[in-house]
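# Architecture and fold: a report
Listed here are the chains, written in short residue letters.
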Amino acid sequence: MTATLHTPPVTAPGERVDARVVRRRLGPGRRIRFAFWIGPVLALALWSAGSASGVVKPAILSAPWDVVVAFEDQWVNHDLLGNILSSLERSLIGLTLGVVTGAVLAVLSGLSRLGESLIDGPIQIKRSVPTLAIIPLFIAWFGIGQEMKIITIALISLVPIYIHTHNGLRSIDGRYAELAETIGINRGEFVRHVVLPGALPGFLLGMRFAVTSSLLGLVVVEQYNAVAGIGHMITLAEQYGQTDVIVVGLVIYGVFGYCADSAVRLTARRVLSWRQTLEG
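Just so it is clear, the structure is predicted and the values come from calculations on it, not from any experiment.

Parameters and conventions
Residues numbered from 1 in each chain as written. Predicted model: local features only at pLDDT ≥ 70, side-chain atom pairs only at ≥ 80, totals over all residues. Heavy atoms only, no water. Core = buried A, V, L, I, M, F, W, Y, C linked by side-chain atoms within 4.5 Å. Buried < 20%, exposed > 50% of the residue type's maximum accessible area, 1.4 Å probe, protein only. Helix = DSSP H or I, 4+ residues; strand = E, 2+ residues; numbered from the N terminus. Contact = heavy atoms within 4.5 Å. 1 Å grid on protein atoms, 1.4 Å probe; cavity = no way out; pocket = protein on both sides within 12 Å on 5 of 7 lines; lining within 4 Å. Points joined across faces, edges and corners; volume = space filled by probe spheres on them. Nonpolar A, V, L, I, M, F, W, Y, C, P; charged D, E, K, R; others polar. Axes fitted to C-alpha atoms, helices over the stretch in contact; angles between N-to-C directions. Parallel < 35°, antiparallel > 145°, perpendicular 65-115°, else oblique. Left-handed = near helix turned anticlockwise from the far one by under 90°.

### Notes on the nonpolar core
- Ranked by internal contacts, the top residues of the largest apolar core, which has 23 residues, are Leu 80, Ile 84, Ile 230, Met 233, Val 248 and Ile 252.
- Of all the secondary structure elements, the ones that give two or more residues to this core are α3 (64–77), α4 (80–110), α6 (135–142), α7 (146–170), α9 (187–221), α10 (230–239) and α11 (243–271).
- Examining the composition of this core, we find that six residues originate from one element, α11, more than from any other.
- What Ile 252 contacts, discounting residues up to four positions off in sequence, is Phe 71, Leu 80, Ile 84 and Ile 230.
- Counting eight residues, the second largest nonpolar core, distinct from the first, contains Val 99, Ile 161, Ala 210 and Val 264.

So this is what it looks like as structure tokens:
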């Protein structure tokens, strides 16, 4: 038997190969429609199969249909919508504060040696200290009300935005500066038209981490004297041994995070469509 070898198409001298064809052949391949949802749907199918077959015991993890019933009960009889809106409000306010503050600090530190000497060190120290470990101190400073919860979420979200945006600013090819100097572009134009757009991929990557981090903070802070929110609902369910209600809360957190991350990824794909990457 003889093996058939795949050889790349041979082009005539001077003929250009379509870059998109090359990336598709050597890269991850064609984009799959609704790819974001294939993994979650498969996980749900495995969960359902495990519950139906008895492999997954109800005492360990409630079946999906039991979770649906619990969701309906919480929605009709226990103001689930109010808890969802309360959690979204805390998360959005904290995330917005963290993103804006982190981006501003990253720009000040990334574009100035003086700014870096003043800002980067404290941020790196904060990076090594878990924010959740600072919550007792925040309680002493701000009490156990809404301010403590929002500030905690903002501080958790700030770090990934700063790290990735700062890295994006400092990773821009130095040859762009040489080109700008050659054609006479001043510093302000160089920052607006080259530096900030060049740092955008890093910022959007930081946004993905910040969204996940904000939900992590939300899970924790809502267990401190909260009178509404998904975390408050989970805390009450834990006290009464309602495993299905706990899973309802976890599923809602997961949906929040997954939808937010998908939105950031879609935004990045559209905003950064000018880049020629393997993504295509």
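### A few points about the layout of surface pockets
- Approximately 560 Å³ is the volume attributed to the second largest pocket.
- In this structure, the second largest pocket is lined by 19 residues; those nearest its centre are Pro 40, Leu 44, Trp 47, Val 251 and Val 255.
- Of all the secondary structure elements, the ones that give two or more residues to the lining of the second largest pocket are α2 (35–53), α3 and α11.
- A total of eight residues in the lining of the second largest pocket trace back to one element, the largest contributor, which is α11.
- When its residues are assigned to classes, the lining of the second largest pocket shows 18 nonpolar, one polar and no charged.

### Section: the packing of α10 against α11
- Where α10 contacts α11, the axes come no closer than 8 Å and their chain directions differ by 160°. Relative to α11, α10 is oriented roughly antiparallel. Helix-helix and strand crossings are classified by hand; for α10 and α11 the assignment is left-handed. Here Ile 230, Gly 231, Met 233, Ile 234, Ala 237 and Glu 238 of α10 lie close against α11, whose contacting residues are Val 245, Ile 246, Val 248, Gly 249, Leu 250, Ile 252 and Tyr 253.
- Residue composition of the contact of α10 with α11, grouped by class: ten nonpolar, two polar and one charged.

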